[in-house]
Protein chains: 2
Amino acid sequence: MGVRFSIRARDGAARTGRLETAHGTVRTPAFMPVGTAGTVKGMTPEAVAVAGADIVLANTYHLMLRPGEETVEKLGGLHRFMNWKGPILTDSGGYQVMSLAERRTVAEDGVVFRSHIDGTRHALTPERAVGIQHNLGSDVTMVLDECTTFPATVDEAADSMRLSMRWAARSKAAFRDRPGHGLFGIVQGGVHGDLRRESAGMLIDIGFDGYAVGGLAIGEGQETTFGVLDETVPSLPADAPRYLMGVGTPSDIVGAVQRGIDMFDCVIPTRSGRTGRGYTGAGTINIRNARHADDPSPVDADCPCPACAGYSRAYLHHLFRAKEMLGPILLTTHNVHHYQRLMAGLREAIEAGTLAEFAAS
Amino acid sequence: MGVRFSIRARDGAARTGRLETAHGTVRTPAFMPVGTAGTVKGMTPEAVAVAGADIVLANTYHLMLRPGEETVEKLGGLHRFMNWKGPILTDSGGYQVMSLAERRTVAEDGVVFRSHIDGTRHALTPERAVGIQHNLGSDVTMVLDECTTFPATVDEAADSMRLSMRWAARSKAAFRDRPGHGLFGIVQGGVHGDLRRESAGMLIDIGFDGYAVGGLAIGEGQETTFGVLDETVPSLPADAPRYLMGVGTPSDIVGAVQRGIDMFDCVIPTRSGRTGRGYTGAGTINIRNARHADDPSPVDADCPCPACAGYSRAYLHHLFRAKEMLGPILLTTHNVHHYQRLMAGLREAIEAGTLAEFAAS
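A short tour of the structure in this document, coming up.

## A closer look at the pattern of salt bridges
Pairs may arise between side chains of opposite charge once their charged atoms sit close together.
Move 1: Counting across every chain of the model gives 26 salt bridges over all chains.
Move 2: Residue Arg170(A) pairs with Glu127(A) through a salt bridge whose shortest N-O separation is 2.8 Å. Remark: Glu127(A) occurs in helix α6 (residues 126-136) and Arg170(A) occurs in helix α7 (residues 154-174); sequence separation between them is 43 residues.
Move 3: Salt-bridge contacts for Arg313(B) lead to Asp295(B); the nearest nitrogen and oxygen are separated by 3.9 Å. Separated by 18 residues along the polypeptide, Arg313(B) in helix α13 (residues 313-321) and Asp295(B) in the loop between β16 (283-286) and α12 (306-310) bring together distant segments of the chain. Across this residue pair, the class does not change: Arg313(B) and Asp295(B) are buried.
Move 4: Because the salt bridges share partners, they merge into one network encompassing Asp109(A), Glu127(A) and Arg170(A).

## Here's the deal with the sheet that holds strand β7 (residues 102-106) of chain B
Residues and elements named next belong to chain B.
Move 1: Across the sheet, 3 strands lie side by side as β7-β8-β9; this open sheet has antiparallel pairing. Of all the strands in the sheet, the pair left with one neighbour each is β7 and β9 (121-124). Pairs of neighbouring strands in the sheet enclose a mean axial angle of 15°, with direction left out of account.
Move 2: Pairing analysis gives 3 bridges linking β7 to strand β8 (residues 111-114), with the strands arranged antiparallel. What sits directly across from Glu102, in β8, is Arg114.

## Regarding the interface of chain B and chain A
Move 1: Contact residues are listed per partner, giving 37 residues for chain B and 37 residues for chain A.
Move 2: For the pair chain B and chain A, the summed buried area comes to about 2900 Å², and 60% of that belongs to carbon and sulfur atoms.
Move 3: It is Arg66(B), His318(B) and Met325(B) in chain B that bury the most area against chain A; as a group they hold 20% of the surface buried on that side.
Move 4: For the pair chain B and chain A, the interface holds 2 salt bridges.

## Concerning the packing of α7(A) against helix α8 (residues 193-206) of chain A
Residue and element names in this part refer to chain A.
Move 1: α8 packs onto α7 with a crossing angle of 10° between their chain directions and a minimal axis gap of 10 Å. Here α7 is positioned roughly parallel relative to α8, judged by the angle of their axes. Note on element contacts: α8 touches α7 through Leu195, Glu198, Ser199, Met202, Leu203 and Ile206, opposite Val154, Ala157, Ala158, Met161, Arg162, Met165, Ala168, Ala169 and Lys172.
Move 2: Residues belonging to the contact of α7 with α8 are distributed by class as follows: 11 nonpolar, 1 polar and 3 charged.

## Notes on the relation of the copies chain B and chain A
Move 1: Taken as rigid bodies, chain B and chain A are interconverted by a rotation of 180° and an axial shift of 0.0 Å, the fit giving an RMSD of 0.0 Å. Expressed as an axis order, the relation between the two copies is that of a two-fold axis. Every residue of chain B has its C-alpha some distance from the rotation axis, and the shortest such distance is that of Met325(B), at 4.0 Å.
Move 2: Comparing interface residues between copies, 100% of those in chain B also lie at the interface in chain A; the contact surface is shared.

## Focus: the sheet that holds strand β1 (residues 4-11) of chain A
Residue and element names in this part refer to chain A.
Move 1: Taken in spatial order, the 3 strands line up as β1-β2-β3 in an open sheet, and their pairing is antiparallel. Unpaired on one side and paired on the other, β1 and β3 (24-28) mark the two borders of the sheet. Each neighbouring strand pair of the sheet contributes to a mean axis angle of 15°, computed without reference to strand direction.
Move 2: Judged from the 5 bridges that link them, strand β2 (residues 14-21) and β3 form a sheet pairing that is antiparallel.

## Let's talk about the environment of Tyr95(B)
Move 1: Inspection of the secondary structure assignment puts Tyr95(B) in helix α5 (residues 94-99).
Move 2: As a C-alpha pair, Tyr95(B) and Leu136(B) span 41 residues in sequence and 18 Å in three-dimensional space.

## What to know about the pairing of strand β5 (residues 56-59) of chain B
All names here are of chain B.
Move 1: Neither face of β5 is exposed, since Val56 and Ala58 on one face and Leu57 and Asn59 on the opposite face are all buried.
Move 2: Two strands pair when backbone bridges link them, and β5 and strand β6 (residues 88-91) are joined in this way by 4 bridges, in the parallel orientation. In the sheet register, Asn59 faces β6, and the bridge partner there is Asp91.

Reading guide: rules and limits
Residue numbering note: each chain is counted from 1, following its sequence as written. Following the order in which they are written, the chains are lettered starting with A and the ligands numbered starting with 1. Predicted model: local features are reported for residues with pLDDT of at least 70 only, side-chain atom pairs are reported and counted for 80 or more only, and whole-chain, interface and lining totals are derived from all residues. Note that the side-chain values use all heavy atoms of the structure and ignore hydrogens as well as water. Within this document, salt bridges are pairs made up of a side-chain nitrogen of Lys or Arg and a carboxyl oxygen of Asp or Glu, the two lying within 4 Å of each other. Comment: elements are numbered from the N terminus, with helices defined as DSSP H or I runs of at least four residues and strands as E runs of at least two. Here's how the labels work: a residue is buried when its accessible area is under 20% of the maximum for its type, exposed when over 50%, partly exposed in between, all with a 1.4 Å probe on protein chains only. Pairing between strands is defined by DSSP: at least two bridges between them are needed. Inter-axis angles, ranging from 0 to 180 degrees, are taken between N-to-C directions of lines fitted to C-alpha atoms, where helices are fitted over the stretch in contact. Note on definitions: a residue-residue contact is assigned when non-hydrogen atoms from the two residues lie within 4.5 Å. Buried area: the accessible surface (1.4 Å probe) lost by two parts on joining, summed over both. For classification, angles of less than 35 degrees are called roughly parallel, those exceeding 145 degrees roughly antiparallel, those between 65 and 115 degrees roughly perpendicular, and all remaining angles oblique. Following the grouping adopted for this structure description, the nonpolar residues are Ala, Val, Leu, Ile, Met, Phe, Trp, Tyr, Cys and Pro, the charged ones are Asp, Glu, Lys and Arg, and the polar ones are all others, Gly among them. The least-squares superposition of copies is restricted to C-alpha atoms, and to residues with a pLDDT of at least 70 in both copies.

In structure tokens, the structure reads:
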């Protein structure tokens, strides 16, 4: 039952492995492009697969509000709805309720909020969040958590974490275990190592298919993130997948993989692609910058992606200046390829035992 | 020299043939997707080719203003710039100066105007319009014409047409004839048959690789368009390609093909794709309409395009409601396929001698 995770090689704390789900295998360390509303913005699912992504993320919060999880279920589930044949991980909605919804009220039972789209009133409980993800057909379901605000006092962080742990137990009880479908718990506790360890212990007692580290993509900085991972990851089961939610830059990802993280999601490659920021081996470029106006070279000369194979920086600059859709399409495609190539490089380096050299380069 | 046109079959006034250019062969009747600023909005060039388009149209006016034709030339020409390997026809800018530019002044020498983008002052003469199209590397260059306003008195239409004919002669003199590159004249004369015939005769005397019918996509209605074609086409050379500029709906195209037109361009399939209008064998649908919210069927069940093969109306409805880029991408893709399948059907029907039945269906 659940999803199966096997580790093929280790290099220090880092691991490379395979997560097997009902819709296929995820090579880890894995980066999940974000398909918030059932689409990775600016890309067809075929293009996402060509970029090398094994799994995408979608959001319970967005899909429950529009088009509604029952509509998705009636249409054959999220995989068919969005025409993505691989695995899908769905976020539970906890983070989005905090960051997007209006007039939210958190109580023991769950959270009540108003939709940011039309102001309608909705409730999300641990049981309902799991039920929605069942209806969507998620391969990996996330427990509902309360995303602790940052900064928070230690008491606030402790109260919030313990509420999330009670919700995690209820999520587990509500989860319908089936082969190829897994449920991940989420470690909370803010920047406090003792709370993080307490949270990890409580989740292990409940028992999950994987363990996420939450609450670390809200502006606390890389040093803090790595510090929390150093305090948290050793407390997590050695043989279960570990997922750092909402992180991050290529440098964040490399550091987190070195600390034993297996899975990531982040809007950076797609959002940057829409705003004109392109990732290269030598850092990022702003394609709108006038210095690219005559540049015949691609975004990244070392990148084999379709955008770099066919188009110059000058052309992308022109497309962004002219507000043509193809600009965001091509730059998003490149950025998603860039991230997937990073993950492939990390997997190879771990397998070869050369992660330190890879990270240094 | 020039481009070569060969007619393979006729059915009444309709013909099917091949236009051979430096960048490949165009099967006629042909529909050219519009790539105004060097991109067919919302589609990669690969997707445009997959849809069955042999040739695309780009605009001199837009490209001279941004990024500038010298930039395009330095970057290897428009084909390389936009990564489209097939033929390109470029409009001369006459129509866009009329419809988009500000404070334009038409004189014998040419037109002076201010850019709609940044208000800068520009001049377009017949010689400069041809020179820009040389720099872009167009396979088919259009002469600069003055697009007669509609409605116009017969005297206004006559004066405007004769100015365009003098510009056509200057365009011909400026055109550098090379194998695979052609220059098309544009018949003007408003809705007046005698002026249209006079214009056609003057163009034939100058001598062009093809003959366009201009000034008919500005709100005059299908009956008027067909009437002008009935008065004009018989005056055009039997063995040269004929291009009806800026037209139109599927029904416009069928009627014009029946009247002997070989080439078309129009923003309808791409613009409709962005605004939510989808073409089907049974008319158009507005994908934003609530009745599509739960519909598991594709936009057109008879369409083999990637959008119809992979996605439901319900999903496209969701994407448009959520303002996701993939909505316009998929619906544009479908509409361009729909138009190209119409053209393929017309070509087959002419070859089979069954155009009347095809048109009736």
